[in-house]
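# Remarks on the overall topology
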Amino acid sequence: MASRGGHRALLEVDGVVVRFGGVVAVNEARFDVEAGTVTGLIGPNGAGKTTCFNVISGLQRPTSGKVWFDGRNVSNTPVHRRSKMGMGRTFQRLEAFGSLTVRDNVRVAADIHSGALPLRRRSAGKVDIDALLERVGIAEYARERADSIPTGTARLLELARCLASQPKLLLLDEPSSGLDETETDDFGDLLRDLAAEGCAILMVEHDMDLVMGVCDTIHVLDFGSIIAQGDPAAIRNDPAVQKAYLGYSDEADEGHPVRENHAQSGGYPGDEYDTSTDLPPVEATMTLPAVGSGIGRGERR
Ligand SMILES: Nc1ncnc2c1ncn2[C@@H]1O[C@H](COP(=O)(O)OP(=O)(O)OP(=O)(O)O)[C@@H](O)[C@H]1O
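Cut-offs used in this document
Residues numbered from 1 in each chain as written. Predicted model: local features only at pLDDT ≥ 70, side-chain atom pairs only at ≥ 80, totals over all residues. Helix = DSSP H or I, 4+ residues; strand = E, 2+ residues; numbered from the N terminus. Buried ≥ 20, exposed ≤ 12 C-beta atoms within 10 Å, placed from the backbone. Contact = placed C-beta atoms within 7 Å. Core = buried A, V, L, I, M, F, W, Y, C linked by C-beta atoms within 7 Å. Near = placed C-beta within 6 Å. Nonpolar A, V, L, I, M, F, W, Y, C, P; charged D, E, K, R; others polar. Pairing = 2+ DSSP bridges. Arc of directions from axis to C-beta. Axes fitted to C-alpha atoms, helices over the stretch in contact; angles between N-to-C directions. pLDDT = per-residue confidence, 0-100.

## Side note on the overall build of the protein
Secondary structure assignment for the protein yields 12 helices and 10 strands. Put simply, the protein has 301 residues, and 44% of those count as buried. Sequence separation of 24 or more characterises 65% of the internal contacts of the protein that already satisfy a separation of 6 or more.

## Quick word on the nonpolar core
Nonpolar side chains tend to gather and get buried jointly when the protein is soluble and globular. Judged by nonpolar contacts, the single largest core of 72 residues is most densely connected at Leu11, Ala160, Leu169 and Ile201. Once residues lying within four places of it in the same chain are set aside, the contact partners of Ala160 are Val106, Leu132, Leu133, Val136 and Ile138.

## Quick notes on unusual backbone geometry
Of note in the backbone geometry, Gln166 takes a positive phi value of approximately 50° without being a glycine. Within the secondary structure, Gln166 sits in the loop between α6 (151-163) and β7 (169-173). Phi at Phe223 takes a positive value of approximately 50°, unusual for a residue other than glycine. Relative to the helices and strands, Phe223 is located in the loop between β9 (217-222) and β10 (225-230). In this structure Phe223 comes out as partly exposed when scored by C-beta crowding, with 19 C-beta atoms within 10 Å.

## Notes on the site of the ligand
Around the ligand, the surrounding shell consists of Phe20, Val23, Ala25, Gly43, Asn45, Gly46, Ala47, Gly48, Lys49, Thr50 and Thr51. Only β2 (23-33) and α1 (49-57) provide two or more residues apiece to the shell around the ligand. The leading source of residues in the shell around the ligand is α1, at three residues. Partitioned by chemical class, the residues of the shell around the ligand number four nonpolar, six polar and one charged.

## A few points about α1
Burial runs high along α1: nine of the nine residues are buried. Of all the positions in α1, only Lys49, Thr50, Thr51, Cys52, Phe53, Asn54, Val55, Ile56 and Ser57 are classed as buried. Positive backbone phi, approximately 100°, marks Gly58, located one or two places after α1.

## Digging into the pairing of strand β3 (residues 38-42)
Burial of β3 is extensive: five of the five residues sit out of reach of the surface. Residues of β3 alternate between two faces, with Val38, Gly40 and Ile42 on one and Thr39 and Leu41 on the opposite face, all of them buried. As defined by bridge partners, β3 adjoins strand β8 (residues 200-204) across four bridges and the pair is classed as parallel. The partner of Thr39 across the bridge, within β8, is Leu202. For β3 and β9, the ladder comprises four bridges, and the chain directions are parallel. Note that in β9 the partner of Gly40 across the bridge is Ile218.

## Points about helix α5 (residues 129-136)
For α5, the complete set of buried residues consists of Ile129, Leu132, Leu133 and Val136. Each buried residue of α5 sits inside an arc of 100° when the element is viewed along its axis, so together they form one side. Along α5, the residues that are exposed and aim more than 90 degrees away from the buried face are Asp130 and Ala131. Taken from the residues just after α5, Gly137 is the one with a positive phi, measuring 95°.

## Here we look at the pairing of β2
Sheet topology places strand β1 (residues 11-20) next to β2; eight bridges connect them, and they run antiparallel. Its bridge partner being in β2, Asp14 is matched across the sheet by Arg30. What sits between β1 and β2 in their antiparallel hairpin is a turn of two residues, with Gly21 showing a positive phi close to 60°.

## Things to note about the sheet that holds β1
A sheet is described by the order of its strands in space; here four strands give the open sequence β2-β1-β4-β5, paired in antiparallel fashion. Of all strands in the sheet, those bounded by a partner on one side alone are β2 and β5 (72-73). Lying on the sheet, α1 is in contact with β1, β2 and β4 (64-69); it crosses β1 at an angle near 120°.

## Some remarks on the environment of Asp209
Mapped onto the fold, Asp209 is located in helix α8 (residues 208-214). The spacing of Asp209 and Thr39 is 170 residues in sequence and 14 Å in space, taken between C-alpha atoms.

## Here's the deal with the confidence of the model for the protein
Taken as a whole, the protein shows an average pLDDT of 80; of its residues, 74% reach a score of 70 or greater. Note that residues 249-301 has pLDDT below 50 and, in this model, 88 contacts with residues that lie over four places away or in other chains. If you check the scores for this complex, the pTM reads 0.80 and the ipTM reads 0.97.

## With respect to the sheet that holds β9
The strand order across the open sheet formed by six strands is β6-β7-β8-β3-β9-β10, and the pairing between neighbours is mixed. Both outer strands of the open sheet, β6 (87-89) and β10, are each paired with one neighbouring strand and no more. Averaged over all neighbouring strand pairs, the angle between strand axes comes to 15°, with direction disregarded. Sheet topology note: the β9/β10 ladder contains five bridges and is antiparallel. Looking across to β10, one finds that Ile218 is bridged to Gly230. Across the face of the sheet, α1 comes into contact with β3, β6, β7, β8 and β9 while running at roughly 150° to β7.

Laid out in structure tokens, this is it:
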């Protein structure tokens, strides 16, 4: 966390609370995201991940607490200014302009960003659109209309549009949904490459193979509170995390299931289990991929 006068992480979520009436969606969340790393923000459905993302990107004002970005308190900074400072975000909902080609969508995103830069920085901010499409793996769709491409490709287009603004911090909300196994593997490699180039990546993601395979650090939210923080090995073995995802409390261990809302969320680790049943099978705890197994080793759904 922030040290006064010393090192500050690129992003710091500093005791953020968000209340919606009686619901505490985020409860004193506190975590950092360092430049050059991939960080996962995970948790059962309704845990507060999207609300946290909204606070970081400026769509949601926190009830209390602060967000620091690049050494500045941005808690009251509007979305467009945060974007100009180097925050890029993708959304669960796809946002591309359907009637434009894939290439033009990325061009527009690059132009908007470049237009927002001071004149002296515009040429430095110029993006090679074709190289970017190539890098993200959608060059073959460059001339297709965005509303005619497969969902996985549209997801990658979102990423390309975001990268066109050359962000220092990339906020990715469910980036792998709609990607097939090969696309997800390539996507994981791309995230590692971006981090190696110095980008900070924070992602909300339900695909545990991907999360465990690419993240340096993972923060786990449950009912708005951070219940565990650490590397994939620590998170995988953390009893509180297992409990949160299984939907059992201590009482439940004695045969009284509680927190059905989470148990039915289906996101983790039992992506394979039938979410129409009340609780996932206990074996679901065993479906977490081994840390270091890489991604896409056949366990993915
Ligand atoms: N605008 C809102 N008004 C009232 N309650 C809200 C609002 N937004 C979110 N909530 C509540 O806050 C809690 C956290 O929701 P949030 O969407 O942040 O969770 P999440 O972890 O992103 O869930 P999911 O994985 O399903 O997207 C939930 O109980 C949700 O119902």
